[in-house]
Amino acid sequence: MAKTDSNDFLPLEWDIPTDAELKRNIENFRARMFTRRSVRAFSDREVDPAVLRKIVEVAASAPSGANKQPWFFAIVTDPGLKREIRTAAEAEEKEFYTRRAPHTWLEDLEPLGTSWEKPYLETAPALIVVFKRILENPDQAKRKNYYVTESVGIACGFLFAAIHMAGLVALPHTPSPMNFLSRILQRPAHEKPFLLVPVGHPAPGTQVPRLTKKSFDDIAQFF
Ligand SMILES: Cc1cc2nc3c(=O)[nH]c(=O)nc-3n(C[C@H](O)[C@H](O)[C@H](O)COP(=O)(O)O)c2cc1C
């Protein structure tokens, strides 16, 4: 990349690890990440807003196309709003489970034990609603953000890692369609709901489906 006088560059702050440190770092991180599970039953224990804020700051530190940071995180802790979101989500989910979902989709969901009922949208102490920002500025319809879905997807990866490493649990939830989130949270038209993420502590005795992850050879190859 051409570095011109108008660029403002600074030295990268980086400690280069030894090979042993590298191995230890990734083994520790891998072991921690492998204990992450999607949780659908939360206790009502509160989470300090300062913790939620830091989690979102980690997500918002993610890389994004041309650094446009095309996201917005609504952190919902208000019980009335959570109830409204649950009611609207359950209406969509009921349609999905009873009418819209293809048979094969319902078959795939069977092992997860999910249904249209989403009590966790009220019991979880916080719902983080991630929006993608299609335009940089709502008044300039021609200035679209770049690689919005990729960028917001990466930010969500950071979000889930931050939630997990903080010691909290979460669920990526996608009631479809999600337009009701824009209405309830009064978000502008250039933002589209991307993911609904209940966050908190697991309810006592929470169980999760027994799942396996594909083997390395199934999903990757050295070239
Ligand atoms: C984009 C996305 C959307 C998802 N939507 C839902 C959802 O609407 N409801 C739900 O119960 N789980 C949802 N999940 C959770 C998946 O079912 C879960 O990640 C998968 O079964 C693997 O389980 P694990 O997260 O415990 O590894 C979603 C996950 C992703 C990544």
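Attention here is on the structure that accompanies the text. (Residues numbered from 1 in each chain as written. Predicted model: local features only at pLDDT ≥ 70, side-chain atom pairs only at ≥ 80, totals over all residues.)

Some points on the nonpolar core
In this structure, Leu127, Ile128, Val129, Val130, Leu159, Ala170 and Val197 are the most contacted members of the largest nonpolar core, which totals 38 residues. Contributing elements (two or more residues each) for this core: α2 (49–59), β1 (71–76), α3 (79–100), β2 (126–133), α6 (148–166), β3 (169–170) and β4 (191–200). When residues of this core are assigned to their parent elements, the largest contribution, seven residues, is made by α6. When sequence neighbours within four positions are dropped, the list of residues in contact with Val197 reads Leu127, Ile128, Val130, Leu159, Ala170, Leu171, Pro172 and His173. (Core = buried A, V, L, I, M, F, W, Y, C linked by C-beta atoms within 7 Å. Buried ≥ 20, exposed ≤ 12 C-beta atoms within 10 Å, placed from the backbone. Helix = DSSP H or I, 4+ residues; strand = E, 2+ residues; numbered from the N terminus. Contact = placed C-beta atoms within 7 Å.)

Quick notes on the pairing of β1
Looking down a regular strand, the side chains alternate between one sheet face and the other. With five of six residues buried, β1 is to be regarded as a mostly interior element. Sheet topology note: the β1/β2 ladder contains six bridges and is antiparallel. Paired with Phe73 across the bridge in β2 is Val130. (Pairing = 2+ DSSP bridges.)

Looking at the site of the ligand
Taken together, Arg37, Ser38, Arg40, Leu112, Thr114, Leu171, Pro172, His173, Thr174, Val208 and Leu211 are the residues near the ligand. A per-class count over the shell around the ligand returns five nonpolar, four polar and two charged. (Near = placed C-beta within 6 Å. Nonpolar A, V, L, I, M, F, W, Y, C, P; charged D, E, K, R; others polar.)

Comments concerning the pairing of β2
Most of β2 is tucked away, with eight of its eight residues classed as buried. With burial as the criterion, each face of β2 is covered, one bearing Ala126, Ile128, Val130 and Lys132 and the other bearing Leu127, Val129, Phe131 and Arg133. Examined bridge by bridge, β2 and β4 share eight bridges and lie antiparallel to one another. The residue bridging Leu127 from the neighbouring strand is Pro198, located in β4.

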